[in-house]
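These are the residues of each chain, in order.
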Amino acid sequence: MSAVSDRPPVSSHHAAKESLRDRLPIFPWDKLEPYKKTAAAYPDGIVDLSVGTPVDPVPGLIQKALVAAADSPGYPTVWGTPELRDAITGWVERRLGARDVTHRHVLPIVGSKELVAWLPTQLGLGPGDKVAYPRLAYPTYEVGARLARADHVAYDDPTELDPRDLELLWLNSPSNPTGKVLGKEELTRIVAWAREHGVLLFSDECYIELGWESDPVSVLHPDVNGGSYDGIVSVHSLSKRSNLAGYRAAFLAGDPAVLGPLLEIRKHGGMMTSAPTQAAVVAALGDDTHVREQRERYAARRTALRAALLKHGFRIEHSEASLYLWATREESCWQTVAHLADLGILVAPGDFYGEAGGKFVRVALTATDERVAAAVERLG
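Fair warning: this is a prediction, and the values are worked out from it, not measured in the lab. (Residues numbered from 1 in each chain as written. Predicted model: local features only at pLDDT ≥ 70, side-chain atom pairs only at ≥ 80, totals over all residues. Heavy atoms only, no water.)

Visitor: Any chance you could break down the sheet that holds strand 9 (residues 315-317) for me, citing the residues and the numbers?
Guide: Strand order across the open sheet formed by 4 strands is 9-10-13-12, with antiparallel pairing between neighbours. Both edges of this open sheet fall to strand 9 and strand 12 (348-349), since each of them pairs with a single strand only. Sheet topology note: the strand 12/strand 13 (residues 360-364) ladder contains 2 bridges and is antiparallel. By the bridge assignment for strand 13, Ala348 is matched with Arg362. With respect to the sheet, helix 12 (residues 289-311) is in contact with strand 9, strand 10 (324-328) and strand 13, its orientation differing from that of strand 10 by roughly 5°. (Pairing = 2+ DSSP bridges. Helix = DSSP H or I, 4+ residues; strand = E, 2+ residues; numbered from the N terminus. Contact = heavy atoms within 4.5 Å. Axes fitted to C-alpha atoms, helices over the stretch in contact; angles between N-to-C directions.)

So this is what it looks like as structure tokens:
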């Protein structure tokens, strides 16, 4: 008997049942592999500007806090320690201008990506419910809708959406991939529209500390929300500002009526940040110096890469904030990816973020000074 026929037959029940995986698009980054090989073969090695993953050291005071909390044999809580909640409420008020933020207004999460991917499911959304996100956007907003079997729609201006059945509206300012920032007036208008139509608004503000040509504003600012957090939640991450992508450290702030039920669901699901990570976040949110120093590193890399790309014949759109340059040579993004791979430089094709990105590439600022200098030289 052959090995194949030894396998148990797949029951018709399982064959017909759609798997979670079947609901998802192909993981886009796998498509970059051949270009990565080309870039890696370049004489002086690859300059990888594709995935925006931090490369600079974790600041010393954060490492010390993590080590000091290493002897943590007990289970951490999903809501975090009181010290962590104090650190989050303090930062939100100090840095974002939010007022009257209590522990009920905040919730630690295990990195922002898990929240984006599982939020529609945790909100109880499903078939017939709509999730909306920007036309050019981080792909996980769509993934989250698909995991929940909800409908999804991309927008240019959210206030032009049909609000019927729209249960979750994602904003992303500063934007990944474009670096576009929504101004105070625009945010105020969108928040008012969402409230008028009873649409829950989540604002992904993970790059808010990285404004270059503009100063990004949070939906938590009283000028935007009128002093009320009803129907709005903002998402924040320490991955970029503090080089903590490896720690999986992020948090939500906003409407307690939304965060309370989420906390209960996440308790059941065991979605807790490790105790040493919680201690590290307390240290990170309490210190602005390391954030300033990291900003300066990124600013210098941005200046160098921007000038080199422009000189090489690129046009740069938006990019007034965040960790990316949104660049085009007015050709297919894959032609640009191939052209740069021949120079040993790997970038992300714009169509990873939606069809509207078909002629753009996203160039990350997350490479060492030495690698950025190599890219500049090759572009010259």
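Now that the structure has been shown, the text picks up again.
Visitor: Which residues make up the packing of helix 4 (residues 60-68) against helix 11 (residues 275-285), and what are the values?
Guide: It is at 8 Å that the axes of helix 4 and helix 11 come closest, and there the two elements cross at 150°. Considering only the axes of helix 4 and helix 11, their crossing is right-handed. Contact residues: Leu61, Ile62, Ala65 and Leu66 in helix 4; Pro276, Thr277, Ala279, Ala280, Ala283 and Ala284 in helix 11. Across the contact of helix 4 with helix 11, the residue classes break down as 9 nonpolar, 1 polar and no charged. (Left-handed = near helix turned anticlockwise from the far one by under 90°. Nonpolar A, V, L, I, M, F, W, Y, C, P; charged D, E, K, R; others polar.)

Visitor: Please set out the sheet that holds strand 3 (residues 130-134) residue by residue, giving values where relevant.
Guide: As summarised here, the arrangement of the 7 strands in space is 2-8-7-6-5-3-4, forming an open sheet in which the pairing is mixed. Taken across any chain shown, the strands that pair with only one partner, and hence form the sheet edges, are strand 2 (106-109) and strand 4 (151-155). Going across the sheet, the axis of each strand differs from the next one's by a mean of 20°, ignoring polarity. Relative to strand 7 (residues 232-237), strand 6 (residues 200-204) runs parallel, the two being bridged by 4 bridges. Directly across from Ser203, in strand 7, lies its bridge partner Ser234. Packed onto the sheet, helix 8 (residues 184-196) meets strand 5 (166-172), strand 6 and strand 7 and runs at close to 170° relative to strand 5.

Visitor: Go over the pairing of strand 13, please, and point to the residues and values.
Guide: Moving residue by residue along a regular strand, the side chains alternate between the two faces of the sheet. Within strand 13, 5 of the 5 residues are buried, which leaves the element mostly enclosed by the surrounding structure. With 5 bridges joining them, strand 10 and strand 13 adopt antiparallel strand pairing. Paired with Thr328 across the two strands is Phe360, which belongs to strand 13. (Buried < 20%, exposed > 50% of the residue type's maximum accessible area, 1.4 Å probe, protein only.)

Visitor: Please give an account of helix 5 (residues 82-96) that cites residues and values.
Guide: With 15 residues, helix 5 ought to run about 21 Å at 1.5 Å a step, and its terminal C-alpha atoms sit 21 Å apart, in line with that. Every buried residue belonging to helix 5 is among Leu84, Arg85, Ala87, Ile88, Thr89, Trp91, Val92 and Leu96, and all of these are buried. In this fold, the buried residues of helix 5 make contact with strand 2, strand 7, strand 8 (250-254) and helix 11. Just past helix 5, the residue Gly97 takes up positive phi, approximately 75°. (Expected span 1.5 Å × (residues − 1).)

Visitor: Hey, could you go over the nonpolar core for me, with residue numbers and the actual values?
Guide: A general tendency of soluble globular proteins is for nonpolar side chains to be buried together. Membership of the largest hydrophobic core comes to 67 residues, with the highest contact counts inside it found for Leu49, Trp170, Phe202, Leu252 and Ile345. Apart from residues no more than four positions distant in its own chain, Ile345 is found in contact with Ala39, Val47, Leu49, Leu340, Ala375, Arg378 and Leu379. Counting residues in hydrophobic clusters, the runner-up holds 24 residues, among them Val58, Val101, Phe251 and Val281. (Core = buried A, V, L, I, M, F, W, Y, C linked by side-chain atoms within 4.5 Å.)

Visitor: Account for the confidence of the model for the protein chain, naming residues and giving values.
Guide: Looking at the protein chain as a whole, its pLDDT mean stands at 95, while 96% of the residues score no less than 70. Across residues 1-8 the pLDDT falls below 50, and counting only partners more than four positions away or on other chains, this stretch makes 1 contact in the model. (pLDDT = per-residue confidence, 0-100.)

Visitor: Give me the lowdown on the environment of Gly97, citing residues and values where you can.
Guide: Note on placement: Gly97 falls in the loop between helix 5 and strand 2. With relative accessibility at 27%, the residue Gly97 sits in the partly exposed group. Along the backbone, Gly97 and Leu220 are 123 residues apart, and their C-alpha atoms lie at a distance of 7.5 Å. Those residues in contact with Gly97, other than ones at most four positions away along the chain, are Val92, His221 and Pro222.

Visitor: Mind laying out the environment of Trp79, listing which residues take part and the relevant values?
Guide: Note that Trp79 resides in the loop between helix 4 and helix 5. Note: C-alpha distance between Trp79 and Lys267 (188 residues apart in sequence) is 8.3 Å. Dropping the residues within four chain positions of it, Trp79 is found in contact with Arg85, His103, Arg104, Val106, Leu107, Pro108 and Leu263. In this structure the side chain of Trp79 is engaged in a polar contact, spanning 3.2 Å, whose partner is the backbone oxygen of Val106. (Polar contact = N/O pair within 3.5 Å; in protein donor to acceptor, adjacent residues only side chain to side chain.)

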